Amino acid sequence: MHYAQRLLAALPSTRLGARAILAVLTAFGIILTTAGVAAMPLLNEGNAVEVEAEVLGVEEMIEVGAVRLAVRNRTEDDLAEMRRCVEHYAVADRTDDVQALVGIDYAFHDVILRTAGNQFVSSAVHPYRDALLGARFRATESSEVRSRVDAQHREILEAVEKQDEDRAVSLMQAHMAQTREDILAARERRDDEVSENL
């Protein structure tokens, strides 16, 4: 089965919607198409860092736009779920549970993506996460990174609660830029520092 067919089958949307997502992924160069066949670009060690940086850039564009919409659309239930994520992150940090931390980090961002109110927003981010999972685990092993993520999530939550769109967008931009820096730095760790969480 071609990559495009597998992606279309996996996406939780209509066939037409999935084709729109494929068009966006193709426009960003994440998927290569020739004669109607889509394929993931071939990665090799020489361009993995470049691809990760590009994936992080796409993720940043989507997340920043999503938080703008989330500020406008959020409900009390959405805010309660974001608060739970922040609280659970702090608990997982105290127990040094890296796997839980990565999952809770994703859950926090998933609330924002879902709250944006557009089914394509969530669907657009999820394919990128797998490409960065190993580096996210390595980055999350750092207590300094975890402390920053906790503080940034709390600030983003506060801005969304107050419906301060400009501040939420600014905070998300800073958070995603820091995430990019942390993930790319984790990628550069020596082989003997590879995470046991992978």
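Not measured: the values here are computed from a predicted model.

**A look at the nonpolar core**
- Residues Ile62, Val67, Phe108, Ile112, Ile156 and Val160 are the most contacted members of the largest nonpolar core, which totals 42 residues.
- At the level of secondary structure, the elements contributing two or more residues to this core comprise helix H3 (48-73), helix H4 (76-94), helix H5 (98-115), helix H6 (119-140), helix H7 (143-161) and helix H8 (165-187).
- The element that contributes the greatest number of residues to this core is H3, accounting for 9 residues.

**Topic: the packing of H4 against H7**
- Look at H4 against H7: their axes get within 10 Å of each other, and the N-to-C directions meet at 165 degrees. By the criterion of interaxial angle, the relationship of H4 to H7 is roughly antiparallel. The way H4 lies across H7 gives a crossing that is left-handed. Contacts from Leu79, Met82, Arg83, Val86, Tyr89, Ala90 and Asp93 in H4 reach Arg146, Val149, Asp150, His153, Arg154, Leu157, Val160 and Glu161 in H7.
- Along the lines of polarity and charge, the residues of the contact of H4 with H7 split into 8 nonpolar, 1 polar and 6 charged.

**Focus on the pattern of salt bridges**
- Across all of its chains, the model carries 12 salt bridges by this definition.
- Among the salt bridges present, the one from Glu60 reaches Arg180, with a minimum N-O distance of 3.6 Å. With Glu60 in helix H3 and Arg180 in helix H8, this residue pair connects regions lying 120 residues apart in the sequence.
- Note that Arg146 and Asp93 form a salt bridge whose closest N and O atoms lie 2.6 Å from each other. With Arg146 in helix H7 and Asp93 in helix H4, this residue pair connects regions lying 53 residues apart in the sequence.
- On the basis of relative accessibility, which here comes to 5%, the residue Arg146 falls in the buried class.
- Here the salt bridges do not stand alone but share partners, grouping Arg68, Arg72 and Glu165 into one network.

**Describing the side chain of Asp182**
- Tracing the backbone shows Asp182 in helix H8.
- Only 2.7 Å separates the side chain of Asp182 from the side chain of Arg148, close enough to count as a polar contact.
- Among residues more than four places away in sequence, those in contact with Asp182 are Ala139, Val145 and Arg148.

**Looking at unusual backbone geometry**
- Unlike most non-glycine residues, Asp96 shows phi in positive territory, near 60 degrees.
- Note on Asp96: relative accessible area 48%, which makes it partly exposed.
- With a phi angle near 55 degrees, Gln163 is a residue other than glycine that sits in the positive phi range.
- Mapped onto the elements of the fold, Gln163 is located in the loop between H7 and H8.
- Residue Gln163 is classed as partly exposed on the basis of its relative accessible area, which comes to 44%.

The rules behind the values
Residues numbered from 1 in each chain as written. Predicted model: local features only at pLDDT ≥ 70, side-chain atom pairs only at ≥ 80, totals over all residues. Heavy atoms only, no water. Core = buried A, V, L, I, M, F, W, Y, C linked by side-chain atoms within 4.5 Å. Buried < 20%, exposed > 50% of the residue type's maximum accessible area, 1.4 Å probe, protein only. Helix = DSSP H or I, 4+ residues; strand = E, 2+ residues; numbered from the N terminus. Axes fitted to C-alpha atoms, helices over the stretch in contact; angles between N-to-C directions. Parallel < 35°, antiparallel > 145°, perpendicular 65-115°, else oblique. Left-handed = near helix turned anticlockwise from the far one by under 90°. Contact = heavy atoms within 4.5 Å. Nonpolar A, V, L, I, M, F, W, Y, C, P; charged D, E, K, R; others polar. Salt bridge = Lys/Arg side-chain N within 4 Å of Asp/Glu carboxyl O. Polar contact = N/O pair within 3.5 Å; in protein donor to acceptor, adjacent residues only side chain to side chain.

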